[in-house]
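The residues making up each chain are set out below.
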There are 2 protein chains.
Amino acid sequence: MKYTRDAIARMDGYVPGYQPGEGGYVKLNTNENPYPPSPRAVEAMRRACDESIRKYPPPMADRFRKAAAAAFHLEPGEILCGFGSDDLLTIAVRTFCDKGDSIAFPYPSYSLYPTLAAIQGAESVAVDFPEDYSLPPGLEKTGAKLTLLANPNAPSGTQLSGHEVRRLARSLDGVLLVDEAYVEFAGEDCLGLIRDCGNVIVTRTFSKAYSLAGLRFGFAAADAGLIRQMTKVKDSYNVSAPGIAGAAAAVEDRRWLEDNVRKIKDTRATLVRGLQSLGFHCWPSETNFVLARVPGHTAARDLFERLFERKILVRFFDLPRLDDCLRITVGTDADIDRLLGALDELLRGRV
Amino acid sequence: MKYTRDAIARMDGYVPGYQPGEGGYVKLNTNENPYPPSPRAVEAMRRACDESIRKYPPPMADRFRKAAAAAFHLEPGEILCGFGSDDLLTIAVRTFCDKGDSIAFPYPSYSLYPTLAAIQGAESVAVDFPEDYSLPPGLEKTGAKLTLLANPNAPSGTQLSGHEVRRLARSLDGVLLVDEAYVEFAGEDCLGLIRDCGNVIVTRTFSKAYSLAGLRFGFAAADAGLIRQMTKVKDSYNVSAPGIAGAAAAVEDRRWLEDNVRKIKDTRATLVRGLQSLGFHCWPSETNFVLARVPGHTAARDLFERLFERKILVRFFDLPRLDDCLRITVGTDADIDRLLGALDELLRGRV
């Protein structure tokens, strides 16, 4: 391509999960939350959509940093906000990795990571997860400037313990970014590591547990020195006024979050039981989705397509170790009933 | 700094204009619009802040692209949306400039440009504007992969003609990005060039004429092939649901825009007359701000500080060719009366 950098011309873009234009779908493909956000967040966003929106938002999103510092026992200077946690991943890549440097991550994991490396002209070093998705041997020895660890991991849904992550952080020469997009659905988190290990960044999103994917808001927590460097790389005004208001209100509404997470976890248990009774293998999920290996000689892609025909969207990855699996978001109980009913029919009919 | 790329550790971050935490200021420092946004945009944003915000927004912001294509006589495939036009500048830099490549721009211009080059590890080639801010001689001969032209220019407020910009585009080997952040306040625009010249990108923002700085929305228009390459570099979901809804409604409310622009232009004329009668030199403004050289032996920085004490915020740049000037945003008539009154007092009192 004329004008375009070779690194960009050569690469394929990241392909986000399918977003149907019209309604009527049971949408279990992009790990969205099936429940509405906190009413306090809705009220705060609406209030921010007033005359004051003619002004630029505070560049560091002070209102949010204060709320998050209180909720997570952090200092505001340890927090950097972004336009979704993808923005913070991009900022971290640009802060810590030069062209030609390495970025390491386990495989299979969030498929955006190699794309971020390619855009930066950095080398991707993918280290295979063992079959049980425990810590990939060798991940601590790649020499990468930046190691990206989705924990809980996508698309497996599994989680490494805080103890293991701490050990990994201490054995690395570079920065460890722990992408905790799904951590609210898990048993523990790694936020405490940012003070124990000066090379750890933890990212969070409001797109999953907080039901605010359309708002685009996330944050990174790290040592204040790392945050200051990352601040140089971010766009001047990289969060919106409705974003700051909505995310701050959401963080302060702990009861809403707890109720939401409890519902998702209950439905997740139902989904796993249902899938197992149909012969799927499910990896233990600490997220709002389940990775399920399809039973017997069924083709996962066919099953995905048959579900699509019935307006049930799940995720199929045509990639090694994933092409015999479906990744299924935990929807409402009704969504999951409909999915399990359809799977039952399709599998009896031998896809 | 340990961990940080040299390019980032060495650089200072971009410093956005001061955003006061509390009210009571006459805020003429960040080129915001003094009037509220279109009521249709407010209504659309509020409607988007409902339950549906739990879902990811359409990655390419189709609703907006359709509205903008109709308003500006473009094809949707010629449009890429971003989180403010700064996002689109970053995307362009990352699409077209490798580490070590050159990025050219006139001086003085938008002070973010050298920061964007530094983050990418690219070389900044600043080419001086003549005193009258006509086309900088030599700008067409830098060999840069990307030339950034704010037109109208900030902080001078001046504009090059479409004819001159076309000539520049045709003489360049690389991409010309025409940053039209302020173009709604000007006599002409360069959108038509994207079809005549395959190397032209035009960027627009909703932060100025549309009164939506807090929403974070902008777009780039260019040949569909360039847009496809830039799409690979953008974050997957780089605009919010309220952003898409609000910006689309704003684009469709042409009457509101025209009224708003007319008011600003009227007040701009009042501001310029007032400044001139106080002895300031004003460059001809095609924007919602005026660059004014302070009269006689007055120190611009002192004047800036004295205004600040009176809670009147204007912009002072401690930079060559700008350190004897103030950049003053066109506020309401009342804002400008208050500014001119304060200047009158301060200058009589000999700062």
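Residues numbered from 1 in each chain as written. Chains lettered and ligands numbered in written order. Predicted model: local features only at pLDDT ≥ 70, side-chain atom pairs only at ≥ 80, totals over all residues. Heavy atoms only, no water.

**Student:** Help me get a handle on the side chain of B:Asp86, residues and values and all.
**Tutor:** Mapped onto the elements of the fold, B:Asp86 is located in helix α4 (residues 85-96). For the buried B:Asp86, no salt bridge is present, and the opposite-charge side chain at shortest range is B:Arg216, 4.8 Å distant. Reaching out from B:Asp86, the side chain makes a polar contact with the side chain of B:Tyr110 at a distance of 2.9 Å. When near neighbours in sequence (up to four residues on either side) are disregarded, B:Asp86 contacts A:Asp235, A:Ser236, B:Tyr110 and B:Leu112. (Helix = DSSP H or I, 4+ residues; strand = E, 2+ residues; numbered from the N terminus. Buried < 20%, exposed > 50% of the residue type's maximum accessible area, 1.4 Å probe, protein only. Lys, Arg positive; Asp, Glu negative; His and termini not counted. Salt bridge = Lys/Arg side-chain N within 4 Å of Asp/Glu carboxyl O. Polar contact = N/O pair within 3.5 Å; in protein donor to acceptor, adjacent residues only side chain to side chain. Contact = heavy atoms within 4.5 Å.)

**Student:** Summarise the sheet that holds strand β2 (residues 79-82) of chain A; cite the residues concerned and give the values.
**Tutor:** Residue and element names in this part refer to chain A. Across the sheet, which stays open at both edges, the seven strands sit in the order β2-β8-β7-β6-β5-β3-β4 with mixed pairing between neighbours. Only two strands of the sheet have a single neighbouring strand rather than two, namely β2 and β4 (123-128). This sheet shows a mean twist of 20° between the axes of neighbouring strands, independent of strand direction. Strands β2, β7 (200-205) and β8 (218-221) of the sheet are contacted by helix α8 (residues 224-233), whose axis makes an angle of about 30° with β2. (Pairing = 2+ DSSP bridges. Axes fitted to C-alpha atoms, helices over the stretch in contact; angles between N-to-C directions.)

**Student:** Describe the relation of the copies chain B and chain A, listing the residues and the values that go with them.
**Tutor:** Two copies of the chain are present, and they differ by a rotation about an axis and a shift along that axis. Expressed as a screw operation, the relation of chain B to chain A combines 0.0 Å of axial shift with a rotation of 180°, fitting to an RMSD of 0.0 Å. These values place the two chain copies in the arrangement generated by a two-fold rotation axis. Taking C-alpha positions as the reference, the residue of chain B nearest the rotation axis is B:Arg46, at 2.6 Å. A share of 100% of interface residues in chain B that are also interface residues in chain A marks the association as one of identical surfaces. (Least-squares fit on C-alpha atoms with pLDDT ≥ 70 in both.)

**Student:** Which residues make up the interface of chain B and chain A, and what are the values?
**Tutor:** Across the boundary between the two partners, chain B contributes 71 residues, which contact 71 residues of chain A. Summed over both sides, the interface of chain B with chain A buries roughly 6,200 Å², with 57% coming from carbon and sulfur. Considering only the surface of chain B that becomes buried against chain A, B:Tyr3, B:Tyr56 and B:Arg94 emerge as the three largest contributors, covering 14% of it. Taken together, the links from chain B to chain A amount to four salt bridges. Across the salt bridge formed by B:Lys99 and A:Asp98, the nearest N and O atoms sit 3.3 Å from each other. Taken together, the connections running from chain B to chain A amount to 37 residue pairs in polar contact (both at pLDDT 80 or more). Of all the elements in the fold, those that place two or more residues in the side of chain B that touches chain A are α1 (6-10), α2 (39-48), α4, α5 (112-120), α8 (224-233) and α9 (241-252) of chain B. If you tally residues by element for the side of chain B that touches chain A, the top one is α4(B), at six residues. (Buried area = accessible area lost by both parts, 1.4 Å probe.)

**Student:** A description of α9(B) should follow, citing residues and the corresponding values.
**Tutor:** Residues and elements named next belong to chain B. Counted at 1.5 Å a residue, the expected span for α9 with its twelve residues is 16 Å, and the 17 Å between its end C-alpha atoms agrees. Along α9, eleven of the twelve residues are buried, which leaves the element largely enclosed by surrounding structure. Turning to α9, its buried residues are Ala241, Pro242, Gly243, Ile244, Ala245, Gly246, Ala247, Ala248, Ala249, Ala250 and Val251. Regarding α9, its N-cap is Ser240, as a side-chain oxygen of that residue lies 2.9 Å from the backbone nitrogen of Gly243 further along. (Expected span 1.5 Å × (residues − 1).)

**Student:** Pulling in residues and values, what's your account of the packing of aromatic side chains?
**Tutor:** Scanning the model with the defined rule gives 36 aromatic pairs over all chains in all. Residues A:Tyr25 and A:Phe308 carry aromatic rings whose centres are separated by 6.2 Å and whose planes lie at 55° to one another, so their mutual orientation is tilted. Here A:Tyr25, found in the loop between α1 (6-10) and β1 (26-27), pairs with A:Phe308, found in helix α11 (residues 300-309); they are 283 residues apart in sequence, far enough to count as distant. Centroid distance B:Phe129 to B:Tyr133: 5.0 Å. Interplanar angle 55°. Geometry classified as tilted. (Phe/Tyr/Trp six-rings, centres within 6.5 Å; stacked < 30°, edge-to-face > 60°.)

**Student:** Can you explain the packing of helix α11 (residues 300-309) of chain B against helix α12 (residues 333-348) of chain B? Please cite residues and give values.
**Tutor:** Residues and elements named next belong to chain B. Relative orientation of the contacting elements α11 and α12 amounts to 125°, with a least axis distance of 11 Å. If you check the angle between α11 and α12, you find them oblique. In terms of crossing hand, the pair formed by α11 and α12 is right-handed. Facing α11, whose interface residues are Leu303, Arg306 and Leu307, α12 presents Leu339, Ala342, Leu343, Leu346 and Leu347. A breakdown of the residues in the contact of α11 with α12 according to their chemical character gives seven nonpolar, no polar and one charged. (Parallel < 35°, antiparallel > 145°, perpendicular 65-115°, else oblique. Left-handed = near helix turned anticlockwise from the far one by under 90°. Nonpolar A, V, L, I, M, F, W, Y, C, P; charged D, E, K, R; others polar.)

**Student:** Describe in detail the sheet that holds strand β10 (residues 289-293) of chain A, supporting the description with residues and values.
**Tutor:** All names here are of chain A. Taken in spatial order, the three strands of this open sheet run β9-β10-β12, and their pairing is antiparallel. Two strands close off the open sheet at either side, each with one partner strand: β9 (281-282) and β12 (325-329). Sheet topology places β10 next to β12; five bridges connect them, and they run antiparallel. Considered in β12, the bridge of Ala292 is made with Leu326. The strands that helix α10 (residues 254-277) touches are β9, β10 and β12; relative to β10, the one it contacts most, it runs at about 10°.

**Student:** Give a description of the domain arrangement of chain A that names residues and reports values.
**Tutor:** Residue and element names in this part refer to chain A. Domain boundaries assigned for chain A yield domain 1 (6-30 + 255-347) and domain 2 (39-253). One C-alpha centre belongs to domain 1, the other to domain 2; they are set 24 Å apart. Taken together, the 28 residues of domain 1 in the interface contact 32 residues of domain 2. Of the roughly 2,600 Å² buried between domain 1 and domain 2, counting both surfaces, carbon and sulfur atoms make up 60%. Considering only the side of domain 1, the residues that lose the most area to domain 2 are Tyr14, Glu286 and Arg321, jointly responsible for 27% of the buried surface there. At the surface where domain 1 touches domain 2, the tally comes to one salt bridge. Note that Glu131 and Arg293 form a salt bridge whose closest N and O atoms lie 3.0 Å from each other. (Domains from an automatic or database assignment.)

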